[in-house]
Amino acid sequence: MQSESKTSEFESIDLSEFIDNNKTLDNAVETGIVVLTGRQKVIVDELNQKLAINSPSHHDSFTKRMENLKNLAVSIADFPSLLARANMTADVRTPQDIIESLVSTDSYGESFLQLPSKATLGKGFLVAKIHTFSALTKLAVQDNADPKLIAAFKEETVSMMFLLLAEDVYLNLVKDDSLDIDFRRQLATSLLLLWEHRADQNISDISPVLTKVWKARSTLAPAFGTMMGTSELIMFSFQMDEVWSKFIKTQLAIPEVSQAMEEFLFGISYEQISRLKRMLREKGISAIGRDEVSKFLGEQVTTDVSGDYKDFYTQYSIRRDNARARKRLNLDGPHRTLEDHFIRFVMEQNREKQNNDSFAK
């Protein structure tokens, strides 16, 4: 009887169509949490060998940090899989139950306590992993490692930051009842896979593009003026990227996307942009520099551009919270961030391609 009970406690479901086993599950612990991807393992092993030879004290710190990260993943592995049927006290929870709960949850208010334990714990793991790779980058610099290795650590750190961002975006879109319910269920499935493995294939397409956009902000917004003509400037600047170019050409005519783009580019809120536009028109001023924005608005604002991934996420968080507040209060301005719009666009394009490929067969 005990063996029968143990067997029925977890019943796996088939989500293989959503998973690329060669990428998503690489170097994962037993439950599927990706401690290191294949690319990450290569650069971590290279740094490990270098520190062992050149800096034994740093190597000890490195070994301890990586062991702590693995132990954290193993601890989270003890929690029930989100991709299997589980007996939770008197109730049975299935992946479909989680998906339906996500798409039906009220979009207003904090949903932190409604999320599965593995989701919240996994987010902590991802933050710890980001901090670890940031520390390893500094170790590589101090040890005069190959510039290519240092750059690889920086790229992986930024990619993980985008994974953290994607989780927020998925939650925003899953709760958006203006979107097609089947699309929201697909997003919820992607969210479950992200929570289970702490990896997401969509980010491999999205991260490099948004990184380029972030780095290019200084040239896209050299001055604050009428702030018109932004779309032409962006289209000209990003014709070399097919996905971004298609997004700009097809979506920027939508007022909310354009407003979200302005917030992203200029680093201030829709409300501040509107006030600044009005003031400059009234004063007959065509343009002002970044350092003059605070004086005109009568409040201290930060408009300078940083390439640091922490600044990127901080700016995104501010825009995300402002967008949520506008939606909740039904105020003018963007109700989604630029990242929301772009990730939704990429996923819809992927969904359309999958449907076309299925139809062709």
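The following refers to the structure shown.

Criteria and thresholds
Along each chain, the written sequence defines residue order, and numbers are assigned to residues from 1. This being a predicted model, a pLDDT of at least 70 is required before a residue's local features are given, and a value of 80 or more before pairs of side-chain atoms are given or counted; all residues contribute to the totals for chains, interfaces and linings. Only hydrogens and water are set aside; all other atoms, that is, all heavy atoms of the structure, feed into the side-chain values. In this text, helices come from DSSP runs of H or I with a minimum length of four residues, and strands from runs of E with a minimum of two, each type numbered from the N-terminal end. Relative accessible area decides the class of each residue, using a 1.4 Å probe on protein chains only: under 20% of the type maximum gives buried, over 50% gives exposed, and in between gives partly exposed. Note on contacts: a residue pair is in contact if any heavy atoms of the two residues lie within 4.5 Å. All accessible areas in this document rest on Shrake-Rupley with a 1.4 Å probe, and a residue is counted as covered only by the protein chains that are shown. Only four residue types enter the tally: Lys and Arg on the positive side, Asp and Glu on the negative side, with His and both chain ends excluded. Here, a salt bridge means any side-chain nitrogen of Lys or Arg that lies within 4 Å of a carboxyl oxygen of Asp or Glu. To get an axis, a line is fitted to the C-alpha atoms, and for a helix only the part in contact is used. The angle between two axes follows their N-to-C directions and goes from 0 to 180 degrees. Roughly parallel covers angles under 35 degrees, roughly antiparallel covers those over 145, roughly perpendicular covers 65 to 115, and oblique covers all other angles. Handedness of a helix crossing follows the sense of rotation of the near helix relative to the far helix, less than a right angle counterclockwise being left-handed and clockwise being right-handed. Note that Gly is not counted as nonpolar here; it falls among the polar residues with everything else outside the nonpolar set of Ala, Val, Leu, Ile, Met, Phe, Trp, Tyr, Cys and Pro and the charged set of Asp, Glu, Lys and Arg. Aromatic rings from Phe, Tyr and Trp, taking only the six-membered ring of Trp, are treated as a pair when their centres fall within 6.5 Å; an angle between ring planes under 30 degrees marks them as stacked, one over 60 as edge-to-face, and anything in between as tilted. Working definition: the arc comes from the directions between the helix axis and the C-beta atoms, pointing outward to the latter.

## Topic: the overall build of the chain
And then number 1: Helix and strand content of the chain: 16 helices and five strands.
And then number 2: Residues classed as buried in the chain amount to 47% of the 361 residues present.
And then number 3: By sequence separation, contacts in the chain at least 24 residues apart represent 72% of the contacts at least 6 residues apart.
And then number 4: On the chain, roughly 18,700 Å² of surface is accessible, and the fraction owed to carbon and sulfur atoms is 51%.

## What about unusual backbone geometry?
And then number 1: Unusually for a residue other than glycine, Asn144 sits at a positive phi of about 55 degrees.
And then number 2: Of note, Asn144 is situated in the loop between helix 5 (117–142) and helix 6 (147–174).
And then number 3: For Asn144, a relative accessible area of 65% puts it in the exposed group.
And then number 4: The phi dihedral of Asn330 is positive, around 55 degrees, even though this residue is not glycine.
And then number 5: With respect to the helices and strands, Asn330 occurs in the loop between helix 15 (309–329) and helix 16 (338–360).

## Topic: the side chain of Asp143
And then number 1: Along the chain, Asp143 turns up in the loop between helix 5 and helix 6.
And then number 2: The side chain of Asp143 sits in the buried core without any salt bridge; Lys50 is the nearest counter-charge, 4.1 Å away.
And then number 3: The contacts of Asp143, once residues within four sequence positions are left out, are Lys50, Leu51, Asn54 and Ser55.

## Observations concerning the packing of helix 5 against helix 6
Two numbers describe a pair of packed helices, the interaxial angle and the distance between the axes.
And then number 1: Their axes nearest at 9 Å, the elements helix 5 and helix 6 cross at an angle of 160 degrees. By the criterion of interaxial angle, the relationship of helix 5 to helix 6 is roughly antiparallel. Crossing of helix 5 over helix 6 shows left-handed handedness. Taking contact as the criterion, the partners of Ala119, Lys123, Leu126, Val127, Lys129, Ile130, Phe133, Ser134, Leu136, Thr137, Ala140 and Val141 in helix 5 are, on helix 6, Ile150, Phe153, Lys154, Glu156, Thr157, Met160, Met161, Leu163, Leu164, Glu167 and Asp168.
And then number 2: Among the residues making up the contact of helix 5 with helix 6, the classes are represented as 14 nonpolar, three polar and six charged.

## Concerning the packing of aromatic side chains
And then number 1: Taken as a whole and judged by the stated rule, the model has 10 aromatic pairs.
And then number 2: With a centroid separation of 5.0 Å and 75 degrees between ring planes, the pair formed by Phe162 and Phe312 is classed as edge-to-face. In this pair, Phe162 sits in helix 6 while Phe312 sits in helix 15, placing the two residues 150 residues apart along the sequence. We note that Phe162, like Phe312, is buried.
And then number 3: Look at Phe264 and Phe312: their rings are 6.2 Å apart centre to centre, the planes differ by 70 degrees, and that puts the pair in the edge-to-face class. Remark: Phe312 occurs in helix 15 and Phe264 occurs in helix 12 (residues 255–266); sequence separation between them is 48 residues.
And then number 4: Grouping aromatic residues by their ring pairs yields a cluster made of Phe162, Trp214, Phe264 and Phe312.

## Here's the deal with the pattern of salt bridges
And then number 1: Taken as a whole and assessed by the stated rule, the structure comprises 19 salt bridges.
And then number 2: Among the salt bridges present, the one from Lys41 reaches Asp45, with a minimum N-O distance of 2.9 Å. Taken as a pair, Lys41 and Asp45 lie in helix 2 (residues 38–54) at a separation of four residues, close to a single helical turn.
And then number 3: Taking relative accessible area as the criterion, Lys41 reaches 34% and is therefore assigned partly exposed.
And then number 4: Look at Asp45 and you get partly exposed, because its relative accessible area is 29%.

## A look at helix 11 (residues 242–251)
And then number 1: Along helix 11, the residues that are buried comprise Trp244, Ser245, Phe247 and Ile248. For helix 11, the angular spread of buried residues about the axis comes to 160 degrees, placing them on one side. Opposite its buried face, helix 11 presents the exposed residues Glu242 and Lys249, each directed more than 90 degrees away.

## With respect to the environment of Val243
And then number 1: Mapping Val243 onto the fold places it in helix 11.
And then number 2: By relative accessible area, which is 38% here, Val243 ends up partly exposed.
And then number 3: Val243 sits 106 residues away from Gln349 along the chain, and the two C-alpha atoms are 9.4 Å apart.
And then number 4: With near-sequence residues (within four places) excluded, Val243 lies in contact with Phe342, Phe345 and Val346.

Shape is all these values report; function is a separate question.
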